[in-house]
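Structural features, examined
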Amino acid sequence: MTYRSTVLGDSEAFFGDFDTWSTRLALEELLDEALDLPEIADGLRREELRAEEARQAILASVSALAKVRMERERAQRAPGRPPSWDLALEEVGLLAGVGVLVVAYFTVLQLAWPAMPLGFQAFGLLGLACVITLSAGRIVRRFPVLFVRDKGRLAGTVPHPDLVALGDRRDHALREIVLPELRAYIQDHRRTFDSTDLTFAEPDPQDEEPGHDLVHTAAVRRLRRIVDRADSVAIALAGSRGAGKTTSIRSLEQGLLSQAGQAAPLVVVGSAPAAYEARDFVLHLHALLCKAVLAAIPPGRTRTADQVRWWTVLGRMAWRLLSHALKVCVALMAVWLLWGGSVQQAASELAAFGGDILHGRLTPGQVWSGLPVRRLLAAGVLAAVLVRESYGVLRILLSPLLYLIARWGEADLNRLQRITRQQLDRIRFLQTYTTGWSGKLSMPLKGEAGRTWSTQRAEQQLTHPEVVDKFREFAELAAACLAAEDVAGRVVIAIDELDKIGEPEKAHQFINDVKGVFDVPGCLFFVSVSDDAVLGFEQRGLGVRDAFDSAFSEMVRLEPFTLAESRLWVALRLRGISEQFCYLAHCLSGGLPRDLKRCAVEMVDLANESYRPSLETVARTLVTAELAGKTRAFTATAATLERSPELVALTTDLLGVPGTEAPGELAGLAARLVRADGEDTAAPISDLRWHSGCFVLFCATVLEIFDDTLTGDRLGPGLHRLAVVRRRMAMHPRQAWDDLAEFRKERGLT
């Protein structure tokens, strides 16, 4: 789509503040490119937004303009940027070359003009116009003070890259500045639906671009920056269970967090075992990396020795030489017919004519005036054929060298493929080699004597340090080769499920055992860790160091979704769903992506079972399922405690939760569960009371808020407090109870 530039015509800004004008021009150019991307175009179309309005809104953004200006300053300070005097010399050389071309053509035309027929004079004038046009176009395309047409668009003008002045920072500015601004605009202006009936349209996966449903949170944007800038670091992905650590790793594997236009990284994902041997796990990672490398190498990029048949190359050369010879024969026949005379006479006259031109005995004017038109055409055809066919024959003769150059990169991939298979075989098998010899000597009286010598050599198992060294060597080789051949952007090795190791000591020991494989050039390591590791990492510099602090260079914490992010996540998957159900899913899940997905799946199941279920029906169904599951868990926990009258009363109240449906009755039951504890109440019973009572009160509050009378004007950021309570009650139930009580008081709930 073509957009009319509003910056190019602003001459007042051009002369008043050129720096701001050129920055706005760079932002406009990036916007025009971003608006043509399928992701943005589809998002605008789905939300029925006009691209021109989005363009003007981003151009008016002060923050976007400041960020682009910062990127332009960084690009101008880049170490590889040539000095200004080099650019000036280049411009002077370009002007001189263009001027020589125009003057030379004009001089030749002036010399030959008197002897040229009228048709040739018209053709010469047309050629002069073409030369001037091409020269002017060359100047226009080079100087930043002028503007050129973009061949990729049907119409319109775009600024010269030197005027935009983003250099190598252009892709970064597009990805990290313009695209996030456009996504935020689409999110802020997306269509919302106000209804208490559950209706939606599931998107067609075939019509969606990969990564269209990826919510670009702050952690996702930071991961993108890390993947682009880092070379060899170890990153810890922290967050509570269900926060999306595994999803982030899978997004890396799919290339959704890579720079646009670059090859996706080669991602190897290994799950941390609960019981392990460090040596075996490193070997497991090594085998996974070998399999991933073999799968990443395109079949057409490698060739075994038996596939290289030189006779095929030589046969192709002979055939092409024969075809060129036939073309030359046909051209020479045409030259002879145009020149006239016998073959020997035409050849001798053409040879003499060429010698006179080479030795300067004939001027251009004499050539035009001294030869008939048909002989001029014959000389022109002969010259064109000689130049063209000489170039073609030279390429044919150099084809073996070109063939070797083309196979140069394949040789590196062949070597990597061979080494990878050897490494994989060595990991899989313990090879045994047996060598020896035997002899037999016949004796008189049919007696025999013999002796056998044999040697058995078994390959000894590698120790853990040797396994680590082998892994590091191969990972570095694979990363360098795949990046050089543009097969993969870089190698990313992810260790998932580490937070499933229950004991922190075991998790620390695991990191201590495997951190020797970290810090490999060209490789990024991502490890999903628990929240306990975050505390240890954040205490660095306070005299507290542990395995996580010494192993990781950065810690990326995946926070639960905000209210806006949860609404966007649900709306991207269930098109046309009303805001009431988005708020309900966010409050019940606490913003955790895993629980949010469960709520969305359950709502889809409800919509498939009944026609347009109401908000109250959906909320009651989801809350009832939550209460049933949590009641079973609370009752099972109570069964493990020491039996006492207090425990019997608590169990009786818990068993009454599933049969209570009215929100007011649930709130009263929650108050009984957390009634004032006596001095002789055991601490485990008290904790169980607060956990169960807070959860029951939370469910009662959700049922009272999300009923069929909830209209869109009553929805707001304040409901996010329910999601905060949902997350907080697991660790701090008493504080969550106080927050719930305050929330209910503000809403007028008894």
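What you see is a predicted model; the values in this text were computed from it and never measured.

Description of the environment of Arg316
Inspection of the secondary structure assignment puts Arg316 in helix α13 (residues 310–339). Between the alpha carbons of Arg316 and Ser399 there is a distance of 9.7 Å; along the sequence they are 83 residues apart.

Some words on the pattern of salt bridges
The full count for this structure, using the stated rule, is 24 salt bridges. Salt-bridge contacts for Arg175 lead to Glu176; the nearest nitrogen and oxygen are separated by 3.2 Å. By relative accessible area, which is 5% here, Arg175 ends up buried. Between Glu559 and Arg557 there is a salt bridge, with its nearest N and O atoms 2.9 Å apart.

Observations regarding the nonpolar core
Core analysis: the biggest nonpolar cluster contains 65 residues, and Leu584, Phe698 and Phe706 have the highest contact counts within it. When residues of this core are assigned to their parent elements, the largest contribution, 13 residues, is made by helix α28 (residues 683–705).

Considerations on the pairing of strand β4 (residues 266–271)
With five of six residues buried, β4 is to be regarded as a mostly interior element. Pairing of β4 with strand β7 (residues 491–496), which is carried by six bridges, proceeds in the parallel orientation. If you follow Leu266 over to β7, its bridge partner there is Val491.

Structural notes on the side chain of Asp32
As for its placement among the helices and strands, Asp32 is situated in helix α2 (residues 18–35). On the accessibility criterion, Asp32 (5% relative accessible area) is buried. Within the structure, the side chain of Asp32 is placed 2.6 Å from the side chain of Arg55, a separation counted as a polar contact.

Considerations on the packing of helix α23 (residues 579–589) against helix α29 (residues 720–728)
Two elements in contact, α23 and α29, have axes whose closest approach is 7 Å; the angle formed by their N-to-C orientations is 25°. As summarised for this structure, α23 and α29 are arranged roughly parallel, according to the angle between their axes. Contact residues: α23 offers His586, Cys587, Leu588 and Ser589, while α29 offers His720, Leu722, Ala723 and Arg726. Partitioning the contact of α23 with α29 into residue classes produces four nonpolar, three polar and one charged.

Examining the confidence of the model for the protein
Predicted confidence across the protein gives a mean pLDDT of 77, with 76% of residues reaching 70 or more. Strand β1 (residues 147–149) is the least confidently modelled element of the protein, averaging 39 in pLDDT, while α23 averages 94, the highest of any element. Under a pLDDT of 50 for its full length, residues 304–308 has, in the predicted model, three contacts with residues more than four places off or in other chains. Scored below 50 in pLDDT, residues 430–435 makes 13 contacts in the model with residues more than four places away or belonging to other chains.

A look at unusual backbone geometry
At Asp519, a position not held by glycine, the phi torsion is positive, near 60°. Mapping Asp519 onto the fold places it in the loop between α19 (504–514) and β8 (523–528). The partly exposed category is assigned to Asp519, whose relative accessible area is 48%.

Scoring rules and cut-offs
- Residues numbered from 1 in each chain as written.
- Predicted model: local features only at pLDDT ≥ 70, side-chain atom pairs only at ≥ 80, totals over all residues.
- Heavy atoms only, no water.
- Helix = DSSP H or I, 4+ residues; strand = E, 2+ residues; numbered from the N terminus.
- Salt bridge = Lys/Arg side-chain N within 4 Å of Asp/Glu carboxyl O.
- Buried < 20%, exposed > 50% of the residue type's maximum accessible area, 1.4 Å probe, protein only.
- Core = buried A, V, L, I, M, F, W, Y, C linked by side-chain atoms within 4.5 Å.
- Pairing = 2+ DSSP bridges.
- Polar contact = N/O pair within 3.5 Å; in protein donor to acceptor, adjacent residues only side chain to side chain.
- Axes fitted to C-alpha atoms, helices over the stretch in contact; angles between N-to-C directions.
- Parallel < 35°, antiparallel > 145°, perpendicular 65-115°, else oblique.
- Contact = heavy atoms within 4.5 Å.
- Nonpolar A, V, L, I, M, F, W, Y, C, P; charged D, E, K, R; others polar.
- pLDDT = per-residue confidence, 0-100.

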